[in-house]
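Descriptive structure summary
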Amino acid sequence: MSQQQEYERYEEDGISISNTDVSNLYSTWDTPVTIVSDGAYGTGLFPDEPDDPYEIDEWYEPHIKAWSEHATPETTLWFWNTELGWAEVHPILEEHGWEYRGCNIWNKGMGHIAGNSNTQKLRKFPQVTEVCVQYVRRAEFDGPDGEDMDMQEWVINEWDRSGLTLNEANEACGVADAASRKYLTKGDLWYYPPPERMEAMVEYANEHGDPEGKPYFAPDGENPVTAEEWEKYRAKFDCPAGVTNVWEHPQVNGTERIQDDDKNGSFHINQKPLELMERIINASTEEDDVVWEPFGGLCTAAVASKRLNREARAAEIVDRFYEAAVERVKETEPEDPVEKDSQSGLEDWE
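My aim in this report is to walk through the structure given alongside it, one point at a time. Every chain is numbered independently, its residues counted from 1 as its sequence is written. Where local features are concerned, this predicted model is filtered to residues with pLDDT of at least 70; where side-chain atom pairs are given and counted, the filter is 80 or more; whole-chain, interface and lining totals use all residues. In computing side-chain values, all of the structure's heavy atoms are included and hydrogens and water are not.

Quick look at the side chain of Glu293
Test applied: Here a helix means four or more residues in a row that DSSP labels H or I, a strand means two or more in a row labelled E, and each is numbered from the N terminus. Exposure categories follow from relative accessible area, calculated using a 1.4 Å probe and restricted to protein chains: below 20% of the type maximum is buried, above 50% is exposed, and the middle band is partly exposed. Here the positive residues are Lys and Arg and the negative ones are Asp and Glu; neither His nor the chain ends is included. The working definition used for a salt bridge is a side-chain nitrogen of Lys or Arg within 4 Å of a carboxyl oxygen of Asp or Glu. Polar contact is the term for a pair of N or O atoms within 3.5 Å; when the atoms are in protein, one must be able to donate a hydrogen and the other to accept it, and sequence-neighboring residues count only if both atoms are side-chain atoms. Two residues form a contact once any of their heavy atoms are found within 4.5 Å.
With respect to the element layout, Glu293 can be found in strand β12 (residues 290–293). For the buried Glu293, no salt bridge exists, and the shortest N-O distance to an oppositely charged side chain is 7.1 Å, to Arg328. A distance of 3.1 Å separates a polar side-chain atom of Glu293 from the backbone nitrogen of Ala301. Separated by 3.0 Å, the side chain of Glu293 and the backbone nitrogen of Ala302 make a polar contact. Leave out the neighbours within four places in its chain, and Glu293 touches Trp29, Val36, Cys299, Thr300, Ala301, Ala302, Arg313, Ala314 and Ala315.

Observations concerning the pattern of salt bridges
Applying the stated criterion across every chain yields a total of 16 salt bridges. The residue Arg181 makes a salt bridge to Asp177 at a minimum N-O spacing of 3.6 Å. The partly exposed category is assigned to Arg181, whose relative accessible area is 48%. The salt bridge partner of Glu311 is Arg313, with a shortest N-O separation of 2.7 Å. Looking at Arg313, the relative accessible area reads 11%, which means it is buried. A single network of salt bridges, built from pairs that share partners, joins Asp38, Lys108, Glu130 and Lys272.

Right, here's the structure in full:
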């Protein structure tokens, strides 16, 4: 029997949950548009988890390597942890090509400690927060001498190679100075060229640029990038008005909390709110996109994915958590698909 057949797996409606170590699965999963990581915190409470947060960087590194291997520049990573856990893992993420976007603070409120925090013993303010940190997979390009370039360096270098002036970039884009001021600036105010304007610059450079340097803006060295292809070099993101990086939401309770009937308490100590999982999946994916949940627990990201008409690939090594997660997914009904306006203007990109 092959390794892939030695564990239980639930599959239905684009949702797959496997009862095994996720390391067995990465190479079999479809390319992720979003990865939701809610793994080791350094508490020692789960299988193979270190009991020291200062050791979780080594625990995460093989997983991060796998994420990097299978992700694309369209992929967003949401990394849940404590502030200290994130601080330990951040250098590993950067080393393997993950670019920091922002730290979101989940404020669970005073109900999380219920007045039971002995500050004189702890010698610090009561802890009522976790973090969910947003990363994107860095887009990398080959420079003229084979060196790695980030997107800004590559765009500027390709235009410079063409021998064209900055004013000609403005002419190509049909703007007064946006191309030279935004897309070709070498400072911190650089803007990602919107797909339509990128395509205009590509066509102009290949028509009017130095013939000896052609093709220009060809990531593979042969085919100039199109607007549709260029769009895939940036992670998806959509933030509703009024939402910030501080998430005021109580810890999971009431009917949403999965209870342990045998122990008269919570089934899983780290169950995440469905509302917050839906927030991050809505922000970084579209319908039918694939969401990875490598450390499933109760698989709240898979539940949210089913509700939002996404696909999900999840793993959970603890049998009882796996069984509970499967029941949650089975009981979940997808929402009616939402039609989005596809006629968004260029101002949405800028």
